Each structure stands twice: as structure tokens, then as C-alpha cells.
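# Observations on the model geometry
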Amino acid sequence: MKTLLLAPLICAAILTGTTATAQTLPSVTLPADIDRVLKDYEKAWSANDAPALASLFLPNGMALPSGQLPARGAEAIRKAYSHGGAMPTTLRAVDYAVSGDMAYIAGGYAPAGAQTDMGKFVLVLRKVDGRWLIAADIENANMQMRPMQRPPKTASN
């Protein structure tokens, strides 16, 4: 099962690129029941509604928000998202796949109306009782990580 979840994540990471200068990929149209997850996420994020965001996840779902430790379960996810949001945000799908009761969406995010993505995400979804819920959410900003600057050498070094 873990291998099934990792494969789409690895593929999505390759597809979405790792730097802010990467070419923006074209959007794809999602099936309505999967697109609902993105629309509900945008709505909850824009309203800074952490309980609504947490309700989009499986009970044991995991969020890996940029700059924070992983959060597993509704209470931890609610806390992780309690100090974010409150900004109209657009989520844009660049790839997705469905296999039985599992799916993934890879995409980009930006403030509503922005011309370029500010970050990227992968959502792993599971269908439960006819509704797609988030099993795992990973996102990060479009910034290239660079090595830390070393202090200049001095005579005592």
C-alpha cells in the first residue's frame, strides 16, 4: 500500500519541477467528484476555516505543510492549518490519475488572480462511501533550496 502511495508522489514531484523558474505546466480538467476536493479546499483555505480543511481528510489522513512538521489525524491537521489561509487561493491541477478507490492530483497553487504558481502540491485521495477524501497532502513553495552561506575565513580559521 505504501508503495502505491509513493509512486504517484515521485512522479508528481518530477512533473511539477523544483524551482520557481520551472515552466508552468498546463492545467488539466478533473472529473467533477475529484474537482470538488480542490474547490472545497480553496473555499476552506480562503475562509481560514481549519476545521473545514480537516474535514476533507480521512480520519487518519496526513498533511505535510511547507515549513511545518507532518500532521496526522483531524486534530493535528486542524492545528497545522489554524494559522494559515484567509487569502483567496487558486489550486490548479496539472496531472491526476484514478485507480479504483485511490487517486492523486498534482498541481500548483497561487493567490487568486496570480499569473504564476507560488507552490506545488500532491493530494493522495481515497474514495470512502462515494466521497473522495484526502489521505495525504504535501505542498511546498517554489523556492530553490541553496546551501547555507559560510562565514568568510579569518586569520584564525
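To be clear, the structure that these remarks concern was listed above.
The structure reproduced in this document is the subject of the present report. (Residues numbered from 1 in each chain as written. Predicted model: local features only at pLDDT ≥ 70, side-chain atom pairs only at ≥ 80, totals over all residues. Heavy atoms only, no water.)

Below, the discussion takes up the pairing of strand β6 (residues 131-141). Across 4 bridges, strand β1 (residues 57-64) lies against β6 in parallel orientation. Note that in β6 the partner of M62 across the bridge is A136. Bridge count between strand β5 (residues 119-128) and β6: 10 bridges; the pairing is antiparallel. Bridge assignment links G119 to a residue of β6, and that residue is A141. Where β5 folds back onto β6 in an antiparallel hairpin, the turn is made up of 2 residues, including D129, whose phi is positive at roughly 50 degrees. (Pairing = 2+ DSSP bridges. Helix = DSSP H or I, 4+ residues; strand = E, 2+ residues; numbered from the N terminus.)

With 26 residues, the main nonpolar core has L38, Y81, I105, L123, L125 and I134 as its most contacted residues. Those elements that place two or more of their residues in this core are α2 (32-46), α3 (50-54), β1, α4 (74-80), β3 (89-99), β4 (102-111), β5 and β6. A total of 5 residues in this core trace back to one element, the largest contributor, which is α2. If sequence neighbours within four positions are ignored, Y81 has contacts with Y41, W45, N48, A50, L53, F57, A63, P65 and D137. The next biggest cluster of nonpolar side chains, apart from the first, holds 10 residues, and it includes V94, Y104, V122 and L133. (Core = buried A, V, L, I, M, F, W, Y, C linked by side-chain atoms within 4.5 Å. Buried < 20%, exposed > 50% of the residue type's maximum accessible area, 1.4 Å probe, protein only. Contact = heavy atoms within 4.5 Å.)

Below, the discussion takes up the packing of aromatic side chains. This structure, assessed with the given rule, holds 2 aromatic pairs. Seen from their ring centres, Y41 and Y81 are 6.4 Å apart, and the 75 degrees between their planes marks the pair as edge-to-face. Pair noted here: Y41 is in helix α2 and Y81 is in the loop between α4 and β3, with a separation of 40 residues, a long-range link. The exposure classification of Y41 matches that of Y81, with both residues buried. Taken together, a centroid distance of 6.0 Å and an interplanar angle of 85 degrees make the contact between W45 and Y81 edge-to-face. With a gap of 36 residues between them, W45 in helix α2 and Y81 in the loop between α4 and β3 connect regions that are remote in the sequence. Judged by its relative accessible area of 23%, W45 falls in the partly exposed class. With a relative accessible area of 3%, Y81 lands in the buried category. Every member of this aromatic cluster is reached through a ring pair, and the members are Y41, W45 and Y81. (Phe/Tyr/Trp six-rings, centres within 6.5 Å; stacked < 30°, edge-to-face > 60°.)

Burial runs high along β4: 9 of the 10 residues are buried. Across 10 bridges, the pairing between β3 and β4 is antiparallel. Its bridge partner lying in β4, V98 is registered against A103. Examined bridge by bridge, β4 and β5 share 8 bridges and lie antiparallel to one another. Considered in β5, the bridge of M102 is made with R126.

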